[in-house]
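# Tertiary structure, described
Read off the chains here:
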Amino acid sequence: MPDLVIWVPVIITVVIGLWLWSTYNGLITLNVRVDQAWSDITVQLKRRADLIPNLIETVKGYATHEREVFEHVTRARAATVSPENLSHPAAAAQAEAGFAGAMKSLFAVAEAYPQLQANQNFLQLQAELTDTEDKIMASRRFYNGGVTELNIKIQQFPTNLFARMLGFIKREFFEVADAAAIQEPPQVKF
């Protein structure tokens, strides 16, 4: 009987220790996945930002008098890759909404020039931009999925009792405020 009195607390302590170890490592894994997914998003946002100057220059060759549109797109592009916006999903989402509006204006200008629509360089840049947008969307889904898993784990009992003490906090989703703005192509009427 005295052996049982000694072994029960030891076994309980070992089980609790293993559970804490497993839970902590699970939280670390989810946290790293979310960080990696956010990094994927920033890579794609920077890739898209690198395409924009070439696209602007191509359109400028046909529509030199649209300076205000070009400046608006340039400012929106800079906002999407600014360090402040790339470090916070909510700020990045707001910058994305502004960028989507600016790009609609640019493509509206491009639609007014049939010669531009036939330009191989413009068509190639447009295809690359579409591919990059698809990659951003996929990266965003992966990131938001990781955030969902992490947030659920942090909020579940009994993990919620010690997750905050260990430095784990709920993460923000990368959601665009006006989803319709980025899903619909620009409507141009002349």
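Each remark here, short or long, concerns the structure printed above.
Residues numbered from 1 in each chain as written. Predicted model: local features only at pLDDT ≥ 70, side-chain atom pairs only at ≥ 80, totals over all residues. Heavy atoms only, no water.

This model, assessed by the stated rule, comprises five aromatic pairs. Ring centres of W19 and F162 lie 5.6 Å apart, and the angle between their planes is 75°; on these two criteria the pair is classed as edge-to-face. Here W19, found in helix α1 (residues 2–60), pairs with F162, found in the loop between α6 (120–155) and α7 (179–183); they are 143 residues apart in sequence, far enough to count as distant. Of the residues examined, W19 reaches a relative accessible area of 34% and is grouped as partly exposed. Joined through ring pairs, the aromatic side chains of W38, Y143 and F174 make up one cluster. (Phe/Tyr/Trp six-rings, centres within 6.5 Å; stacked < 30°, edge-to-face > 60°. Helix = DSSP H or I, 4+ residues; strand = E, 2+ residues; numbered from the N terminus. Buried < 20%, exposed > 50% of the residue type's maximum accessible area, 1.4 Å probe, protein only.)

Here the focus is the pattern of salt bridges. Under the definition given, this model contains seven salt bridges. Here R171 makes a salt bridge to D35, at a shortest N to O gap of 2.6 Å. Here R171 is found in the loop between α6 and α7, whereas its partner D35 is found in helix α1, with 136 residues between them in sequence. What makes R171 partly exposed here is its relative accessible area of 22%. For the salt bridge of E96 with R48, the shortest nitrogen-to-oxygen distance reads 2.4 Å. (Salt bridge = Lys/Arg side-chain N within 4 Å of Asp/Glu carboxyl O.)

Within the element layout of this structure, F99 appears in helix α4 (residues 89–111). Judged by relative accessible area, which is 4%, F99 ranks as buried. Each C-alpha atom, one on F99 and one on V73, is 6.9 Å from the other, the two residues being 26 residues apart in sequence. Apart from the residues within four sequence positions on either side, F99 is in contact with R48, I52, A76, R77, T80 and E133. (Contact = heavy atoms within 4.5 Å.)

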